[in-house]
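Here's the letter readout for the chains.
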Amino acid sequence: MNSNELRRKFINFFKSKGHAVVPSSSLVPDDPSVLLTTAGMQQFKKYFTGELDAQKDFGSKNTTSIQKSFRTSDIDEVGDDTHDTFFEMLGNFSFGGYFKKEAIEYAHDFLTRELGLEIDYVTVFEGDKEVPADTESEEIWRSLGVINIKRLGRADNFWGPTGVEGPCGPTTEIFMKNLKSEVWNLVFNQYYLHPDGFLEKLKTPGADTGMGLERLATVAQKKRNIFETDLFAPLLALIDEGKPERVKRIIADHGRAVSFLISDGVIPSNKGAGYVLRRLMRRMIVHGTEFEKLFAKVVEIYGETYKELNLKQILQEFEKENSKFQKTLKSGLRELGKLEKIDAASGFKLYETYGLPFEILKDAEISGDKAKGLNREDFEKEFAKHQEKSRAGAEKKFGGHGLLLDTGELKAVDERELKIVTRLHTATHLMQAALREVLGPEVKQNGSDITAERTRFDFFFSRKVTPEEIKKVEDLVNKKIAEDLPVSFVELPLEEAKLTGALYFSAQGRSASGGKAKYGSKVKVYYIGKDLETAWSREFCGGPHVSHTSEVGKFKILKEESASSGIRRIRAIVE
Ligand code: SER
């Protein structure tokens with residue numbers, strides 16, 4: 001039974017049970033609480049909470065879909081028999097239509113009667129202090145003749161929300177003969193988890209089920225693992241036979257994922273979904289993937305079902321990343337080769353200097369067992385530590401002994417002035433972000449001049465800024481000061497830094513000292529906010545800055561005027 005048939009049978013089965021068929025949503029969700037779409041239920045969240053009405057929108061309280069999904073949490077697992085990053089999730093959902101009895105009966109019916117497959121065992125929630133055991137599901141399974149039932153705890157049989165809050169509840173999972181993981185997860189949404197941890201009972205309980213197509217195909221096609229199914233085998237066949245099986249699997253998985261991510265509009269970058277994409281691409285590149293034929297095959301396998309797949313676009317984006325990464329890859333691997341052991345500090349250095357992501361450092365094919373002791377958590381810690389150290393360095397350099405500070409942009413004759421210009425400097429970054437929020441992205445810095453008296457900021461903008469707008473900018477800056485946001489920086493290779501979305505002087509802009517801005521091969525990106533990805537302000541900058549925005553004090557704009565044609569000038573102070 002090929003996977004096209006499996007998709008069709010699934011949809012037709014639930015259609016015949018009165019479900020509305022809903023197309024997959026994008027891998028890039030509207031929901032800001034998640035990076036990428038991880039499950040079929042995500043696009044239906046508001047129907048579970050009652051904010052939206054399924055009957056009205058779909059003509060039924062029950063829906064079914066095949067959802068493109070992506071799990072970053074499984075990246076390290078790829079290479080075993082059952083895990084992949086991108087996958088298709090077959091799902092049926094009910095928002096107050098049916099609950100445990102029908103959901104379990106449908107699943108049982110579909111697997112055993114429709115497909116003629118054999119269930120090995122199922123699991124149900126054993127209960128804990130807050131939530132009682134799911135004896136109801138257990139009873140229903142027994143009534144269907146499934147008696148091999150395991151009771152498990154929260155980690156296995158309770159579905160938490162995608163994000164800090166949302167619908168959740170006990171689950172029952174179905175395991176098939178000869179498959180090492182569950183094939184289908186039925187979630188019974190009974191509660192709403194609030195950000196403070198409070199579990200509220202939902203007025204209308206609902207059913208949310210998800211079955212991995214790749215795993216179902218493994219069972220239905222009597223294969224040993226997902227990579228032998230018709231969804232993967234043609235890809236593996238294209239990969240150089242000399243490569244170890246695990247590497248082949250990683251390349252095939254990443255090849256699919258990269259194709260779908262790009263076709264849903266993700267581009268490689270150093271933040272968010274773009275960073276996930278970049279890591280997958282670099283892993284393919286480091287293993288010398290012949291990507292053209294691989295991507296062509298992905299589009300051949302999936303193009304019928306997913307019209308958005310665009311081979312030209314995929315190849316273009318991949319080639320761009322490839323030529324960028326090739327510039328640092330060789331030296332990076334050479335440095336890696338010289339190391340006896342890769343720990344968090346040396347690993348981070350390889351990342352920082354040569355752009356080798358964690359997964360590549362950990363890859364046994366690349367680093368042997370050198371990185372055996374390296375784990376993700378320590379790597380992240382190193383990142384944070386590095387930021388602190390750089391800050392301390394900057395403070396020492398600028399911090400005193402009566403040093404005259406003159407960066408071209410900032411000038412101070414003594415400690416007292418240094419403190420003020422540092423505050424004004426951070427205020428200037430906040431002001432640029434606020435101007436862009438209030439007036440739009442047309443606003444771009446042309447130069448600034450900061451003394452102990454004031455900051456003077458010139459920017460491209462085509463008209464006078466109204467007093468109301470000035471007030472808005474002022475208020476917004478003061479709001480961000482009151483939020484006491486951390487100010488930090490990272491140092492990145494120039495081209496990577498540009499991809500963070502940070503502001504910098506482009507050819508159009510001129511540096512503070514009057515000449516065209518020149519950047520070295522590595523630049524610092526200062527950001528204001530919790531992390532680089534979500535930061536409210538990001539700029540290329542040499543510092544110094546305060547460490548938290550509350551140190552800036554009260555911000556006040558004194559004057560707005562024309563500096564020259566198409567350029568406005570603002571003078572502002574901090575109190
Ligand atoms: N949300 C559940 C899961 O992802 C069922 O669809 O497993």
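Coordinates for the structure precede this section.
Residues numbered from 1 in each chain as written. Predicted model: local features only at pLDDT ≥ 70, side-chain atom pairs only at ≥ 80, totals over all residues. Heavy atoms only, no water.

*Asks:* For the nonpolar core, give the residues involved together with the corresponding values.
*Replies:* In this structure, Trp141, Ile174, Trp184 and Leu216 are the most contacted members of the largest nonpolar core, which totals 95 residues. Considering every element that reaches this core, the biggest residue donor is helix H10 (residues 272–286), with nine residues. Ignoring anything within four residues of it in the chain, the contact list for Trp184 reads Phe10, Phe14, Asn92, Ala107, Phe110, Leu111, Thr172, Glu173, Ile174, Thr209, Gly210 and Met211. With 38 residues, the next largest nonpolar core counts Leu418, Ala452, Ile470 and Val552 among its residues. (Core = buried A, V, L, I, M, F, W, Y, C linked by side-chain atoms within 4.5 Å. Buried < 20%, exposed > 50% of the residue type's maximum accessible area, 1.4 Å probe, protein only. Helix = DSSP H or I, 4+ residues; strand = E, 2+ residues; numbered from the N terminus. Contact = heavy atoms within 4.5 Å.)

*Asks:* Which residues make up the sheet that holds strand E15 (residues 522–528), and what are the values?
*Replies:* The three strands are arranged E14-E15-E16 in an open sheet whose pairing can be described as antiparallel. Of all the strands in the sheet, the pair left with one neighbour each is strand E14 (487–493) and strand E16 (537–540). Pairs of neighbouring strands in the sheet enclose a mean axial angle of 25°, with direction left out of account. In this sheet, E16 lies alongside E15 in antiparallel orientation, the contact comprising four bridges. Each bridged residue has a counterpart across the sheet, and for Ile528 the counterpart in E16 is Ser537. (Pairing = 2+ DSSP bridges. Axes fitted to C-alpha atoms, helices over the stretch in contact; angles between N-to-C directions.)

*Asks:* Explain the site of the ligand residue by residue, including any values.
*Replies:* Residues in contact with the ligand, as listed here, are Ala39, Met41, Arg71, Met89, Trp159, Asn185, Val187, Asp208, Thr209 and Gly210. With respect to the ligand, the side chain of Asn185 contributes an N or O atom lying 2.9 Å from an oxygen atom. A distance of 3.4 Å separates an oxygen atom of the ligand from a polar backbone atom of Thr209. Considered on its own, the ligand offers 230 Å² of accessible surface; in the complex 96% of this is hidden by protein. Looking at the shell around the ligand, the elements that each hand over two or more residues are strand E8 (182–193) and strand E9 (199–212). Counting residues per element, the shell around the ligand draws most heavily on E9, which supplies three residues. Per-class residue counts for the shell around the ligand are five nonpolar, three polar and two charged. (Near = heavy atom within 4 Å. Polar contact = N/O pair within 3.5 Å; in protein donor to acceptor, adjacent residues only side chain to side chain. Areas by Shrake-Rupley, 256 points an atom, 1.4 Å probe, with all protein chains shown as cover. Nonpolar A, V, L, I, M, F, W, Y, C, P; charged D, E, K, R; others polar.)

*Asks:* Hey, could you go over the pairing of strand E13 (residues 455–460) for me, with residue numbers and the actual values?
*Replies:* Across the six residues of E13, five count as buried, placing the element largely inside the fold. Judged from the six bridges that link them, strand E12 (residues 444–450) and E13 form a sheet pairing that is antiparallel. For Gln445, the partnering residue across the bridge sits in E13 and is Phe459. From the end of E12 to the start of E13, which pair antiparallel, there are four residues. With six bridges connecting them, E13 and strand E18 (residues 567–574) associate as antiparallel partners.

Everything listed here is a matter of geometry and, on its own, says nothing about what the molecule does.
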